[in-house]
Amino acid sequence: MSDNGARVEKIKNLKNQKKPDSAMIVMVMMVSIIVSISVVFVAEVLYLMNHHGIVHLSHVFSGEPKRLEDINLIVSTAFQGSIKSLLQFGVLLILINPIVRVAITAYNFKRQHNKCYVVISLMVLVVLLISFFSPDFI
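Thresholds applied
- Per chain, the residues get numbers from 1 upward, laid out in the order the sequence is written.
- Confidence filtering applies because this is a predicted model: local features only for residues at pLDDT of at least 70, side-chain atom pairs given and counted only at 80 or more, and all residues used for totals across whole chains, interfaces and linings.
- Based on all heavy atoms of the structure, the side-chain values leave hydrogens and waters out of the count.
- What counts as a helix is a DSSP run of H or I of at least four residues, what counts as a strand is a run of E of at least two, and both are numbered from the N terminus.
- We call a residue buried when its accessible area falls under 20% of the maximum for its residue type, exposed when it is over 50%, and partly exposed in between, using a 1.4 Å probe and counting protein chains only.
- Should any heavy atoms of two residues lie within 4.5 Å, those residues are considered in contact.
- Here a cavity means grid points, on a 1 Å grid over the protein atoms only, where a 1.4 Å probe fits yet cannot get out; a pocket means an open set of points with protein on both sides within 12 Å along at least five of seven lines; lining residues are those with an atom within 4 Å of a point.
- Grid points are joined across faces, edges and corners, and a volume is the space filled by probe spheres set on the points.
- By the convention adopted, Pro, Cys, Tyr, Trp, Phe, Met, Ile, Leu, Val and Ala count as nonpolar, Lys, Arg, Asp and Glu as charged, and the other residues, Gly among them, as polar.

S.K.: Looking at this structure, how should I read the environment of methionine 29?
M.R.: With respect to the element layout, methionine 29 can be found in helix H1 (residues 2-50). The buried category is assigned to methionine 29, whose relative accessible area is 17%. Sequence separation between methionine 29 and proline 98 is 69 residues; the distance between their C-alpha atoms is 8.8 Å. Ignoring sequence-local partners within four residues, the contact set of methionine 29 consists of Asn97 and Arg101.

Structure (structure tokens):
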């Protein structure tokens, strides 16, 4: 009888644990999306205020400057006041969201002592990190 009571109590504890974990993931994702969208919005407003009336030649492709292709340069020039870098920084914040979510999920599985899902989450995290930080790797 006590064995069944312990199992029921363990199931109740697991159900109660999932709600705060999923709520934490939802809260982190909502805050990060709001911050990244705000950064992109501010950058777009600043860009439009500073570049109104400029006609862009769409038939001439010139590519992006190197400072908008390297993550370190994007971050450093965004904080120095470059509007295009600030826009790229907002896009980077949006792209980082899946990495953060998988990392939080792996941590939650570790807290639940679910080794199989920890390993799977960490493998997904490694793939995301490799694809994000070294796109030429794969």
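Now that the structure has been shown, we can carry on.
S.K.: Is there a simple way to think about the layout of surface pockets in this case?
M.R.: Unoccupied space between atoms shows up once a probe the size of one water molecule is rolled over them. One number sums up the size of the second largest pocket: a volume of about 190 Å³. Lining the second largest pocket we find 13 residues, and of these Glu69, Asp70, Ile71, Ile74 and Leu92 sit closest to its centre. Contributing elements (two or more residues each) for the lining of the second largest pocket: helix H2 (71-79), helix H3 (83-111) and helix H4 (115-133). A per-element tally of the lining of the second largest pocket places H3 first, with four residues. Each residue belonging to the lining of the second largest pocket can be placed in one class, and the counts come to nine nonpolar, two polar and two charged.

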